[in-house]
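Residue strings, one per chain:
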Amino acid sequence: MSSDPVTLMVARRVASGRYRDFMRWLEEGRELASDFGGYLGSGVLAPPPGDDEYQIIFRFRDAETLAIWEHSASRRAWLTRGQGLFDAPHEHRATGLDRWFQQAGSPAPPRWKQAIAIWLAFFPVSLAFQILFGDALATLPLVPKVLASTLMLTPVMVFLFIPLSTRLLGPWLRGEPLRVPRLRRRST
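Described in the following lines is the structure provided in the data block. Because the structure is a prediction, the values reported are computed rather than measured.

Conventions used here
- Residues numbered from 1 in each chain as written.
- Predicted model: local features only at pLDDT ≥ 70, side-chain atom pairs only at ≥ 80, totals over all residues.
- Heavy atoms only, no water.
- Helix = DSSP H or I, 4+ residues; strand = E, 2+ residues; numbered from the N terminus.
- Buried < 20%, exposed > 50% of the residue type's maximum accessible area, 1.4 Å probe, protein only.
- Contact = heavy atoms within 4.5 Å.
- Areas by Shrake-Rupley, 256 points an atom, 1.4 Å probe, with all protein chains shown as cover.
- Salt bridge = Lys/Arg side-chain N within 4 Å of Asp/Glu carboxyl O.
- Phe/Tyr/Trp six-rings, centres within 6.5 Å; stacked < 30°, edge-to-face > 60°.
- Lys NZ or Arg CZ within 6 Å of the ring centre and 35° of its normal.
- Polar contact = N/O pair within 3.5 Å; in protein donor to acceptor, adjacent residues only side chain to side chain.
- Core = buried A, V, L, I, M, F, W, Y, C linked by side-chain atoms within 4.5 Å.

## Description of the overall build of the chain
Helix and strand content of the chain: 6 helices and 4 strands. What you see in the chain, going N to C, is helices and strands ordered as β-α-β-β-α-α-β-α-α-α. Among the 188 residues that make up the chain, the fraction classed as buried is 36%. Here the analysis covers contacts within the chain between residues at least 6 apart in sequence; of these, 72% occur between residues at least 24 apart. Working note: accessible area of the chain is about 12,100 Å², and carbon and sulfur atoms make up 60% of it.

What follows is the structure in structure tokens.
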């Protein structure tokens, strides 16, 4: 089995009228996963306006630790408790950097597009971090300063902003044609 970290991305659409129950159920699943060895973290990406598909991300140390969690009795019981809260889930596993960019059945975008998507996520977060914490860290020597900033920024980037950036830039990353909304003219 691979020794690289593995990310499981699950998309689930909330069943009509079940939003609060779905959110409680999701949080229960994240807490459950955190009790398993090899668990590195999880996150939930809310859908864009007008959509109801949530992206749930679970990250484990390697494929073996993910498999232990996936095949556990407690996870099966959790999934059973979630029946009726969501419609038609689909899952995607990925390892390495391509996990943020690759969709099931399609190749990863070119590295230059991946680099732009990561930079577009990293720059504003790094800037905000410097504005908020730069003065407090300014008196530290270089190594502790870089250590503190990377310890704080890496989880935020990995679990929130890079997945958000790749989701927002998805059509461009996949080379899909740009869809410009049409404006309707009112007849007077």
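## With respect to the pattern of salt bridges
Evaluation of the coordinates by the stated rule reveals 6 salt bridges. Across the pair Arg18 and Asp21 runs a salt bridge, and its minimum N-O distance is 3.2 Å. In this structure, Arg61 engages Asp62 in a salt bridge whose closest nitrogen and oxygen atoms are separated by 3.7 Å. Assessed through its relative accessible area of 44%, Arg61 is described here as partly exposed.

## Examining the packing of aromatic side chains
Summed over all chains, the structure comprises 12 aromatic pairs. Residues Trp25 and Trp78 carry aromatic rings whose centres are separated by 4.2 Å and whose planes lie at 5° to one another, so their mutual orientation is stacked. In this pair, Trp25 is assigned in helix H1 (residues 19-34) and Trp78 in helix H3 (residues 73-81), connecting sequence segments 53 residues apart. Across from the ring centre of Trp69, 4.6 Å away, lies the NZ or CZ of Arg75, which sits over that ring.

## Let's talk about the side chain of Lys113
Assignment of secondary structure puts Lys113 in helix H4 (residues 111-137). Given a relative accessible area of 11%, Lys113 falls into the buried group. A distance of 2.7 Å separates a polar atom in the side chain of Lys113 from the backbone oxygen of Trp172. The contact partners of Lys113, leaving out residues within four places of it in the chain, are Trp172, Leu173 and Gly175.

## Remarks on the nonpolar core
Membership of the largest hydrophobic core comes to 19 residues, with the highest contact counts inside it found for Leu8, Phe22, Trp25, Phe58, Phe60, Leu66 and Trp69. Elements with a minimum of two residues in this core: strand E1 (6-14), H1, strand E3 (53-60) and helix H2 (63-70). Counting residues per element, this core draws most heavily on H1, at 5 residues. Counting residues in each nonpolar core, the second largest holds 8 residues, with Val125, Leu137, Ala148 and Met157 among its members.

## A few points about the environment of Phe159
Here Phe159 is to be found in helix H5 (residues 142-168). Relative accessible area serves as the criterion here: at 17%, Phe159 is assigned to the buried category. Separated by 100 residues in sequence, Phe159 and Arg59 place their C-alpha atoms 8.9 Å apart. Not counting residues within four places of it along the chain, the set of residues in contact with Phe159 comprises Leu40, Gly41, Ser42, Leu45 and Arg59.

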